[in-house]
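Descriptive analysis of the structure
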Amino acid sequence: MKVYTLKTLCFLAVCGLFSCQKDVNEPIGADGLKVSFDVDTDTYIDNPENGDDPLGKKSSIQKSNISYNLVDVQQYKDDDVEFAVWKEELGVNLNEKIKTSGKTQQNGNIAVAPEYPDNYFPAAPIPGGRQLTNGVKFRVMIYDQNNNFIDELDGTAGSIAPPTTTKLKQGTTYKWFSYSYYSSLPLAPIPTANKNNPSLNVMNEDFLYAFGTFTTGVDAGNIPETKVKITFKHMMAMVEMSVLTGGFAAKADLAKFLSQDASRPYIRVHANVIEQGVFNLLSGTFTSKSKVTTPVYVNALSNYAYAVNYPVTSYHGFIFTVPGGNNEYINDFTYTVEPWLILDRPAAPRIYNKTFTDKIRIDKGMSSRLRVVPFDLGIKVPGTSNTGDVNWSRGDLYYDKSQGFTNLDGFTRWQHRNHEGTSITYASSLKPYGVTTPTPSYGQQVNNFGSTYYPFNAPYPLATETTTTTQDPCNGLQPNGSVLNDRWRTPTIAQGVAFATYFNQYANTGRISHTFVSASGTDPGKLIVVVNIKDGTADDWTDRISFEMKGYAKYTSGATPEYVMEPTSIPQVNANRQIGEGYYRLAVANGYAYLKITANSGSSPKFKAQVYSSNSTATTGDIIKATLNVKDAINVRCVRNFPTT
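Below you will find a few notes about this structure. All values derive from a computational prediction rather than experimental measurement. (Residues numbered from 1 in each chain as written. Predicted model: local features only at pLDDT ≥ 70, side-chain atom pairs only at ≥ 80, totals over all residues. Heavy atoms only, no water.)

1. With respect to the sheet that holds strand S33 (residues 526-532)
What counts here: Strand pairing is assigned whenever DSSP detects at least two bridges linking the two strands. Secondary structure follows DSSP: runs of H or I at least 4 residues long count as helices, runs of E at least 2 residues long count as strands, and numbering of each begins at the N terminus. To obtain each axis, a line is fitted to C-alpha atoms, and for helices this fit is confined to the stretch in contact; angles are then taken between N-to-C directions over 0 to 180 degrees.
Reading across the sheet, the three strands line up as S32-S33-S34 and stay open at both edges, with antiparallel pairing between neighbours. The open sheet has two edge strands, strand S32 (512-517) and strand S34 (544-548), and neither has a second partner. Within this sheet the neighbouring strands show an average axis-to-axis angle of 20 degrees, counted without direction. Where S32 lies against S33, six bridges are found, and the strand directions are antiparallel. Looking at S33, one finds that Val517 is bridged to Lys526.

2. Brief notes about the pattern of salt bridges
A side chain with one charge can pair with a side chain of the opposite charge if their charged atoms come near. So the rule is basically this: Salt bridges are defined by distance alone: a side-chain nitrogen of Lys or Arg within 4 Å of a carboxyl oxygen of Asp or Glu. The rule is simple: take the accessible area with a 1.4 Å probe, protein chains only, and divide by the maximum for that residue type; under 20% is buried, over 50% is exposed, in between is partly exposed.
A complete count under the given rule lists 16 salt bridges for this structure. Glu275 is the partner of Lys289 in a salt bridge, and the nearest nitrogen-oxygen pair spans 3.5 Å. One end of the pair, Lys289, is in strand S18 (residues 285-291); the other, Glu275, is in strand S17 (residues 275-280), with 14 residues separating them in the sequence. Given the relative accessible area of 43%, Lys289 is considered partly exposed. With a shortest N-O distance of 2.8 Å, Arg394 and Asp376 are connected by a salt bridge.

3. Considerations on the packing of aromatic side chains
The condition is simple: Only rings of Phe, Tyr and Trp enter the pairing, Trp through its six-membered ring, and a pair is recorded when the two centres are within 6.5 Å. The plane angle decides the type: under 30 degrees is stacked, over 60 is edge-to-face, the rest tilted.
Taken as a whole and judged by the stated rule, the model has 31 aromatic pairs. Considering the side-chain rings of Phe248 and Tyr352, the 5.4 Å spacing of their centres and the 50 degrees angle between planes classify their relative orientation as tilted. With Phe248 in the loop between strand S15 (237-244) and helix H2 (254-258) and Tyr352 in the loop between strand S23 (350-351) and strand S24 (354-361), the pair connects residues that are 104 residues apart, well separated along the chain. Neither Phe248 nor Tyr352 differs from the other in exposure class; each is buried. Of the aromatic side chains, those joined through ring pairs into one cluster are Tyr143, Phe149, Phe177, Tyr179, Tyr181, Phe207, Tyr209, Phe211, Phe279 and Phe286.

4. With respect to the sheet that holds S24
Spatially, S19-S16-S21-S24 is the arrangement adopted by the four strands of the open sheet, whose pairing is antiparallel. Of all strands in the sheet, those with a lone pairing partner are strand S19 (296-297) and S24, marking the two edges. Strand direction decides the pairing type here: strand S16 (residues 266-269) and S19, joined by two bridges, are antiparallel. Each residue of the ladder has a partner; that of Val269, found in S19, is Val296.

Here is the structure:
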């Protein structure tokens, strides 16, 4: 038996694996070898703790739990709108140490990108992290150990055919550098003279960067392909910016937002606020930077033009600036928002234009969020010495799950009634139950019968949710849960009396008028009473409040259906007189109360407002005995409850 020494065995093993080094330094294509590059779908942020050592090679680093922390809330009030601005910053919570990061190789020559520290957290502008979208273009530049340019490859995220090179030598270690502008557009070519040391211009772009090393194979029979996995980092400081429209129970016009029309909704940072820079690919640093001297619109693409939690009620995008040093800020981050609020009637959108200045942190790897929410303040109606002025909502409540709104947006919304008789007919204007399905009104997919008729002491209207709670339905307006919007309330009896006093004072003047549209088909017609808060031409949004005389739904015990419209209360013509009634719930500790508005074109005065209460026995005066049943269903009109401090 032949006996081999350990030295002999080692020699044979090495020769078997590397063919006794016969292929080293030969072109990899000669033996069918290749190197391919693919990208990780997860992206990471550049670590603010590592300074000029982005891979953490100089020292060990610490694991971080990173999340957005609320740092500031500002409030700005105009005539009929209140703006709230929430500012959040990426926060780092340091704990246990982890190993030094660096190049990792697996299975011999199968190489991956550098193993980034755990606190390279996905930028997460949306929940779950921002994935690298299929179609995003990226480029890989390959160099030898002396930084001599070897090859250049362009690839596409999500492609089944990653970019591949065969222009390398076997058994050789190379450096690679990769970048992307997070765009599906082809990358601009790098001039040949610059390929040994490329510098790239970056302005308001989500610039991605990665680098590492790999070693090519030497035997096609064992490892025919060296696979390099690229994991990108976001190199720019990012500001995520949103405007929510839910405070007006309105939708966003995303088609216009994404268009290049001269007139469109926008979020825009002013000139000389953010910085652009020149990024050196081999050093991984910005070698120069300068102010952007023109206004800059947020980056907004169809896949993130809206905030995920608010898909139909938000404008959303990103601003990118060259990062600064530790705890560095842009102290005059000035920006303007112009949201278009699309309401549920066929009219021009409500447009606001507001400019803000904030202080934004731009540390390396920093990400901030600014969220602007305009809140509808309603129409200010002059009060009495007992109540003062009161802001009444510009429309009745209605409850609607059919329009794509989410539970975060809230299903309780405003019925934006136009004062013009030619405006749309809401499903809530029609008889609940037992009638032929009408044609859906503007912006509605289905008609929810009874969607604005609320029984007394119930938080939801007929034919929607069932509950035994006595929650105020005005609390259902969203986005809620903050001190800024948790302010709508059902009017008190005193506020109802104050409104009736004001209303009756002008009942025979030009300040109060009505529009009547006759019944047609399944539409029972409509009568709209319009109150101008001041003499002369009134602005629809700040000076005019309208009430639709929709009557009330009468409860019929033991009958099917249980509710029918009281026929004498709905809009109609009687003896050539246009008549109609509107009923609005009032808050009371015990019993029930309501405000009734009556329109009668043949009487004098034509209009009258009166408060009714189940606790009253009077037949005249400010508050008289209720004539409706506690189970009857009427409309809800809210008032704004402003804080006293």
